[in-house]
Amino acid sequence: MFIAFRSYGNHTNQMYQFVQGDILAKKIGTKYVPFYISHFFPYFPNLKKKYKSFTTTVIYPFLTFTFKVLNKLHLLKVQDISDLELCKKLTQSLDAKKTVILDKWDFKGNEILFNNEDLLKEYQDYYKDLFFVDISDIKDKYISNDKTNIAVHIRRGDYIGHCGGKYYYDDEIYCTKIDELLKAMKVKNPQIIIFTNDSEINKDFYHSKYENVIFSNEQWQKDQQIMANCQYIIGAPSTFTMWASYMGNVPTYHIWEKLEKVSKDKFMIFTTYHQEV
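Throughout what follows, the structure given in this document is the object of discussion. Being a predicted model, the structure only gives us computed values, none of them experimental.

A look at the sheet that holds strand S2 (residues 32-34)
Alright, step 1. What the four strands build is an open sheet, ordered S2-S1-S4-S3; its pairing is parallel. If you trace the sheet from one side to the other, it starts and ends with S2 and strand S3 (79-80), each paired once.
Alright, step 2. As paired elements, S3 and strand S4 (residues 100-103) share two bridges and run parallel to each other. Looking at the pairing, aspartate 80 lines up with aspartate 103 of S4.
Alright, step 3. Its contacts with the sheet put helix H1 (residues 11-28) on strand S1 (2-4) and S2, and the angle it makes with S2 is roughly 160°.

Here's the deal with helix H3 (residues 54-72)
Alright, step 1. The end-to-end C-alpha distance of H3, which contains 19 residues, comes to 26 Å, matching closely the 27 Å that a straight helix rising 1.5 Å per residue would cover.
Alright, step 2. At tyrosine 60, H3 is deflected by roughly 35°, the largest bend along its length, and proline proline 61 occurs up to four residues later in sequence.
Alright, step 3. Every buried residue of H3 is accounted for by Thr56, Tyr60, Thr64, Phe67 and Asn71.
Alright, step 4. One or two positions beyond H3, positive phi appears at histidine 74, with a value near 60°.

So, the side chain of glutamine 221
Alright, step 1. Inspection of the secondary structure puts glutamine 221 in helix H11 (residues 220-227).
Alright, step 2. By relative accessible area, which is 5% here, glutamine 221 ends up buried.
Alright, step 3. Within the local environment of glutamine 221, its side chain forms a polar contact with the side chain of glutamine 219, the two groups lying 3.1 Å apart.
Alright, step 4. Residues in contact with glutamine 221, not counting those within four places in the same chain, are Tyr43, Phe44 and Val133.

Some details on the environment of threonine 99
Alright, step 1. For threonine 99, the position within the fold is in the loop between helix H4 (84-92) and S4.
Alright, step 2. On the basis of relative accessible area, threonine 99 is assigned to the exposed category, the value being 52%.
Alright, step 3. Separated by 97 residues in the primary sequence, threonine 99 and phenylalanine 2 place their C-alpha atoms 5.8 Å from one another.
Alright, step 4. Beyond its immediate sequence surroundings of up to four residues, threonine 99 is in contact with Met1 and Ile3.

Examining the nonpolar core
Alright, step 1. Judged by nonpolar contacts, the single largest core of 56 residues is most densely connected at Phe18, Tyr32, Tyr127 and Phe131.
Alright, step 2. Looking at which element gives the most residues to this core, the answer is H1, with seven residues.
Alright, step 3. In contact with phenylalanine 131, other than residues within four places in its own chain, are Met15, Phe18, Val19, Phe44, Leu47, Gln225, Trp243 and Met247.

Some details on the packing of H1 against helix H12 (residues 239-248)
Alright, step 1. Direction vectors running N to C along H1 and H12 enclose 50°, while the axes themselves pass 9 Å from each other. Considering the angle they form, H1 stands oblique to H12. Between H1 and H12 the crossing geometry is left-handed. Contacts between H1 and H12 involve Thr12, Asn13, Met15, Tyr16 and Val19 from the first element and Thr239, Phe240, Met242 and Trp243 from the second.
Alright, step 2. Partitioned by chemical class, the residues of the contact of H1 with H12 number six nonpolar, three polar and no charged.

Parameters at a glance
Residues numbered from 1 in each chain as written. Predicted model: local features only at pLDDT ≥ 70, side-chain atom pairs only at ≥ 80, totals over all residues. Heavy atoms only, no water. Pairing = 2+ DSSP bridges. Helix = DSSP H or I, 4+ residues; strand = E, 2+ residues; numbered from the N terminus. Contact = heavy atoms within 4.5 Å. Axes fitted to C-alpha atoms, helices over the stretch in contact; angles between N-to-C directions. Expected span 1.5 Å × (residues − 1). Bend = angle between axes of the 7 residues up to and from the residue. Buried < 20%, exposed > 50% of the residue type's maximum accessible area, 1.4 Å probe, protein only. Polar contact = N/O pair within 3.5 Å; in protein donor to acceptor, adjacent residues only side chain to side chain. Core = buried A, V, L, I, M, F, W, Y, C linked by side-chain atoms within 4.5 Å. Parallel < 35°, antiparallel > 145°, perpendicular 65-115°, else oblique. Left-handed = near helix turned anticlockwise from the far one by under 90°. Nonpolar A, V, L, I, M, F, W, Y, C, P; charged D, E, K, R; others polar.

Here it is in structure tokens:
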């Protein structure tokens, strides 16, 4: 059994932690017990239906608090999976009969996170259903059947300090990349759907550049489902767009460098978490 007594990062990072822990357990035929599972209940009805119980809503939160106290007092033996060497040892000695308490997550080169691509593909439909969000009541507002729908993820806010602000791009950069995408993928009739955490974004600027522009004002989980229904995704490097790509098999381009030109060969569908973000 694998136990994760707490989660790390934002919603999407927590979802990746869940999937990767679950995949690791499936790999050796054991059970994955994430004490934080109830965090997802308000957003994903199918997951709530499958996991909601007295145990997950009452006992797990109590155990989270208890485990945190025990860990702080150094009375809990945990497997620190932000330590890459320890991760290698763990993956080499997996035993379904043992109970391992997992803690901490490193998203850069972690063998547990990045070593299960085949299983991620195999169980993709299962996780798509588990994390499904019904957008039938708003889909027509954003997704056009006669246009090429392009999701543009403009990450501002917290990205001003992330990696020294390296991926905090201005509007001109985003428009340049959109134009490069349209040319590279030979898009003739685009619908630009912009998703952003910037409440003060200059909407008029984008409307002046493109004929069909829509700004989403939905909740984050609905934004991801809308993205998953697009033909292309482009944006700053982020687990948010990676998850949408995984959920919808959507070719995605991450803007790693301002001067790198968007080209067809640089799009990818994220069937696994194997790129540093």
